[in-house]
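Listed below, chain by chain, are the residues.
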Amino acid sequence: MNTYTPPSPAEEDRIIEEAYQDVLRAYIASNHRKKVEIIERAFRFAKEAHRGVRRRSGEPYILHPIAVAKIVISELGLGSTSICAAFLHDVVEDTEFTLDDIRNAFGPKIAEIVDGLTKISGGIFGDRSSMQAENFKKLLLSMSNDIRVVLIKIADRLHNMRTLGSMRPEKQFKIAGETLYIYAPLAHRLGLFKIKLELEDLAFRYEHPQKYAEIMEKLSEGADHREEIVEKFVGPVRKKLDEAGFKYEIKARVKSAYSIFNKMRNKNIPFEEIYDVYAVRVIFENDDDALEHIKCWQIYTFFSEGHRLHPDRLRDWISTPKANGYRALHLTAMGPEGKWIEVQIRSRKMDEIAELGYAAHWKYKSGVSEEESELDAWMNTIKDILAHPEPNAIDFLDTIKLNLFASEIYVFTPKGDLVTLPAGATVLDLAFAIHTHLGIHCIAGKINHRLVPLSHKLDSGDQVEIITSDSQSPQPEWLEFCKSAKAQTRIRSLLRKDERQLTARGKTIFKELMESEGIEPSNEFITKVLANYQLKTREELYLMLANDEINLSAKELTDIRSRRSSMWKRLLRNPFSLRKKNSPKKHPPVNRKETYILHPDDKQPNFITAPCCTPIPGDDVLGFVEEDESVVVHKVSCQEAMRLKSAYGPRLLAVEWGKGSDSFLATISIDGIDRLGILEELVATISQRLGINIRSLNIEATHEVFHCKLTALVDNADTVEEICVALLKIKGIKFAQRIS
Ligand code: MN
């Protein structure tokens, strides 16, 4: 949709200059050195280079680099080099100017950053997953060279997300998918919490527009009341802070729409039951680093004196900062009306590091050696993964993703060294984290003098001894219980090495066999052998020979050789001639730029609902165009769809449900505490009160607890939700959620 009507050229130029002055003002107000001259030149250069070009929205293109530069200074707090690179970031990609031009005009550093940004432009994910991995590798490599490349890339993405409305729907899905898959976790990893939240919220808004609107409305409805509750809660603490002479600021925060949505979905609870919508942040001024810790704990006592604290929700990120450098003290206390309120206590410095992440480290370079080394450790993991390349692109991405998403646990070696691992990590992960050699030969672990298996999940604080044996070697099933990217990559490459050795042995066996039978191992002959065992590659054949999975006897070889060769010859000349005959007829091609309406009533032959998530009318859906032009419809929230979105963006299709009267089978899983009459009440609620047709009902009870699977005929997803809400109101029912 293009709703932009350009104003007069003079007016447009005034808007551009004003946007630029805004960047300049923010820069001058910051405490960077004042290198205005080079910034001015970079802006003029970019403005000239993009002259006459417009964005999809109709706006002059230059407004985009200006907006990115504004984010770079105002939200990331970076300096002149980054601001210049932000102005110039699309110049090499989109205009006639070259990298040499930029180097000549602005020097090698800015040129290097622009080069990095140009190399990873056009989205991380291309049409093919191999391209996607390639681009992603480039991004990570440039990150380990100069982190500013990634920071500016994130600023670029943030502005593109803020202006996503002018894109076509299937583009929106691709960009939003990529954002959730890579950029938000990356921002999180770099400690850019605010930006991470905004990226997630924006992606959520385009993927589930209706749910987003609903949550935002409910949030604004309750705003006044929330303020009242928070004020009542912090009143007494303010008094104590004043008395103790603190200079401070208290901010009331609201959880992001995306995190509320996730909670509602994961716990299947309505908005009203999310208790930690409320959050308060205390930021205090502090000029003595030595007192920072003590002051945090002092403020903690101010909260604990007047309020009941939630025992399980104290988080001390001061003694052990997160890997991305985050430090703060978190507690949850009971506020007015029995509402739990999360409190974050931070010094001004901690707060800036939390908001700006790695970018803030430049500002506080002297005092943060410890956190920097944590971040360095993470970067080294990334370099390590890159040094052991995965041949399979999707494996590679999954491995990296593991590392981006995981939150951490902290465990100790017998000597007391601290090791950071992703949550859910096992004894084997720890072994690989300490040394590859330990990992390869690990047979068990010892925690508090108790022997535990390799697959034992570690808890924060465990002190773990690794037990090894020389006869141990990596097993394929190890991949199933390893959480860390490092262990995964190492195990895969070790297993592959095994495979390579076996393949080599199989090849020798084959060669010897040919020689002893006096057969010339021509291509034609080998093709016949492969066909005989329905194998695709020679490597497969060699591997099976080495593993004794096939036994090529002399007789068999003669048989194969004497077979008519005409058919194989034909096949070799045109390998598709046979397959074509049997392949299903192609569907008429779909126009990927259109939004398709799915009619629940009349079946469209080339539209199939995905078996993994079984969407029904009312669900947010998207289509994925298969090679034969059939369209598989997934829920937008489906894990598989998420993967497809980021891997095969160009094959996405915007799909919406039309109106229909047809009914769908939905399965609901219900858990509860058994009591007399509960089943009758359950059935009555659904069939009589809601008037819904129950198709099947399966109940399993052990002791007091029962699990029930119920299949009902419904018209759309909203009805299923209605059923769940009604069921949860029945006394004794603890869980009710649609499972398909
Ligand atoms: Mn850009």
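Not measured: the values here are computed from a predicted model.

Observations concerning the pairing of strand 5 (residues 340–347)
In step 1: Here strand 5 lies mainly inside the structure; seven of its eight residues are buried.
In step 2: Relative to strand 5, strand 2 (residues 278–284) runs parallel, the two sharing six bridges. The residue of strand 5 that forms the bridge with Val 280 is Val 343.
In step 3: Note: strand 4 (residues 329–334) against strand 5, six bridges, orientation antiparallel.

Comments concerning the coordination of the manganese ion
In step 1: At 2.2 to 2.5 Å from the manganese ion lie its protein donor atoms, namely His 64 (NE2), His 89 (NE2), Asp 90 (OD) and Asp 156 (OD).
In step 2: Of note, the donors binding the manganese ion are all from one chain and are spaced H-x24-H-D-x65-D. The residues His 89 and Asp 90 share a single accessibility class, namely buried.

Considerations on the side chain of His 441
In step 1: Residue placement: His 441 occurs in helix 21 (residues 436–441).
In step 2: By relative accessible area, His 441 is classed as buried at 15%.
In step 3: In this structure His 441 touches Ile 467, Thr 468, Ser 469, Asp 470 and Gln 472, once residues within four positions along its chain are discounted.

Considering the nonpolar core
Most often, soluble globular proteins have nonpolar side chains that are buried together.
In step 1: The biggest cluster of nonpolar side chains holds 101 residues, and the ones touching the most others in it are Phe 87, Leu 88 and Ile 345.
In step 2: If near-sequence neighbours (up to four positions away) are discounted, Leu 88 is found in contact with Ala 42, Phe 45, Ala 46, Ile 102, Phe 106, Ile 110 and Val 114.
In step 3: Of all hydrophobic cores here, the second largest spans 24 residues; its members include Leu 430, Cys 442, Leu 494 and Leu 495.

Observations concerning the environment of Pro 209
In step 1: Inspection of the secondary structure assignment puts Pro 209 in helix 12 (residues 209–221).
In step 2: Considering only alpha carbons, one finds Pro 209 and Asp 620, 411 residues apart in sequence, at a separation of 8.9 Å.

Looking at the sheet that holds strand 14 (residues 631–635)
In step 1: Across the sheet, five strands lie side by side as 11-15-13-14-12; this open sheet has mixed pairing. One side of each edge strand has no neighbouring strand; the edge strands of this open sheet are strand 11 (595–598) and strand 12 (607–609). On average, each strand axis in the sheet is inclined to that of its neighbour by 35 degrees, with strand direction left out of account.

Here we look at the packing of helix 11 (residues 193–207) against helix 14 (residues 257–267)
In step 1: Viewed as axis vectors pointing N to C, helix 11 and helix 14 meet at an angle of 65 degrees, and their least axial separation amounts to 8 Å. For the pair formed by helix 11 and helix 14, the contact residues are Glu 200, Asp 201 and Phe 204 on the first element and Ala 257, Tyr 258 and Phe 261 on the second.
In step 2: Classifying every residue of the contact of helix 11 with helix 14 gives four nonpolar, no polar and two charged.

Regarding the pattern of salt bridges
In step 1: Tallied over the entire structure, the rule returns 26 salt bridges.
In step 2: Asp 100 is the partner of Arg 103 in a salt bridge, and the nearest nitrogen-oxygen pair spans 2.7 Å. With Arg 103 and Asp 100 both in helix 6 (residues 99–106) and three residues apart, the pair spans about one turn of that helix.

Considering the sheet that holds strand 8 (residues 442–447)
In step 1: Spatially, 9-8-10 is the arrangement adopted by the three strands of the open sheet, whose pairing is antiparallel. Among the strands making up the open sheet, the edge pair consists of strand 9 (450–452) and strand 10 (464–468). Within this sheet the neighbouring strands show an average axis-to-axis angle of 30 degrees, counted without direction.
In step 2: Bridge count between strand 8 and strand 10: five bridges; the pairing is antiparallel. Each bridged residue has a counterpart across the sheet, and for Ile 447 the counterpart in strand 10 is Val 464.

Considering the packing of aromatic side chains
In step 1: Applying the stated criterion across every chain yields a total of 13 aromatic pairs.
In step 2: One aromatic cluster is present, built from ring pairs that chain together Phe 204, Tyr 212, Tyr 258 and Phe 261.
In step 3: Geometry around Tyr 27 places Lys 34 over its ring, the cationic atom sitting 5.7 Å from the centre.

Points about helix 9 (residues 147–162)
In step 1: Here helix 9 is 16 residues long and its end C-alpha atoms lie 23 Å apart, about the 22 Å a rise of 1.5 Å per residue gives.
In step 2: Counting buried residues in helix 9 gives 14 out of 16 residues, a clear majority hidden from the surface.

With respect to a negative patch on the surface
In step 1: Residues Glu 214, Glu 217, Glu 221, Asp 715, Asp 718, Glu 721 and Glu 722 make up a contiguous surface patch of negative charge.
In step 2: Those elements that place two or more of their residues in the negative patch are helix 12 and helix 31 (717–728).

Remarks on the side chain of His 634
In step 1: As for its placement among the helices and strands, His 634 is situated in strand 14.
In step 2: Residue His 634 is classed as buried on the basis of its relative accessible area of 4%.
In step 3: Excluding its chain neighbours within four sequence positions, the residues that come into contact with His 634 are Ala 610, Cys 612, Cys 613, Pro 615, Asp 620, Val 621, Leu 622, Glu 640, Ala 641 and Leu 644.

A closer look at the confidence of the model for the protein chain
In step 1: Confidence along the protein chain averages 79 in pLDDT terms, with 83% of residues attaining 70 or more.
In step 2: Note on residues 362–373: pLDDT under 50 across the span, and 18 contacts to partners over four residues away in sequence or across chains.
In step 3: Note on residues 565–584: pLDDT is under 50 here. Beyond four places in sequence and across chains, it has seven contacts.

Re the pairing of strand 8
In step 1: Direction of pairing for strand 8 relative to strand 9: antiparallel, over a ladder of three bridges. When the bridges of strand 9 are listed, Ile 447 appears paired with Arg 450.
In step 2: Counting the residues in the hairpin turn of strand 8 and strand 9 gives two residues, including Asn 448, whose phi is positive at 50 degrees.

Comments concerning the packing of helix 20 (residues 427–434) against helix 23 (residues 485–517)
In step 1: Orientation of helix 20 relative to helix 23, taken along the N-to-C sense of each, is 85 degrees, at an axis distance of 9 Å. Taken as axis vectors, helix 20 and helix 23 run roughly perpendicular relative to one another. The segment helix 20 lies against helix 23, with Leu 428, Asp 429, Phe 432 and Ala 433 engaging Lys 486, Ala 487, Arg 490, Ile 491 and Leu 494.
In step 2: For the contact of helix 20 with helix 23, the residue count by class is six nonpolar, no polar and three charged.

What counts, and where the lines are drawn
Residues numbered from 1 in each chain as written. Predicted model: local features only at pLDDT ≥ 70, side-chain atom pairs only at ≥ 80, totals over all residues. Heavy atoms only, no water. Buried < 20%, exposed > 50% of the residue type's maximum accessible area, 1.4 Å probe, protein only. Helix = DSSP H or I, 4+ residues; strand = E, 2+ residues; numbered from the N terminus. Pairing = 2+ DSSP bridges. Donors = N, O, S within 2.8 Å, 3.2 Å for Na, K, Ca; no water. Contact = heavy atoms within 4.5 Å. Core = buried A, V, L, I, M, F, W, Y, C linked by side-chain atoms within 4.5 Å. Axes fitted to C-alpha atoms, helices over the stretch in contact; angles between N-to-C directions. Nonpolar A, V, L, I, M, F, W, Y, C, P; charged D, E, K, R; others polar. Salt bridge = Lys/Arg side-chain N within 4 Å of Asp/Glu carboxyl O. Phe/Tyr/Trp six-rings, centres within 6.5 Å; stacked < 30°, edge-to-face > 60°. Lys NZ or Arg CZ within 6 Å of the ring centre and 35° of its normal. Expected span 1.5 Å × (residues − 1). Patch = residues over 30% accessible without salt bridge, like charges linked within 9 Å, V, L, I, M, F, W, Y side chains within 5 Å. Areas by Shrake-Rupley, 256 points an atom, 1.4 Å probe, with all protein chains shown as cover. Lys, Arg positive; Asp, Glu negative; His and termini not counted. Charge placed at Lys NZ, Arg CZ, Asp CG, Glu CD. pLDDT = per-residue confidence, 0-100. Parallel < 35°, antiparallel > 145°, perpendicular 65-115°, else oblique.

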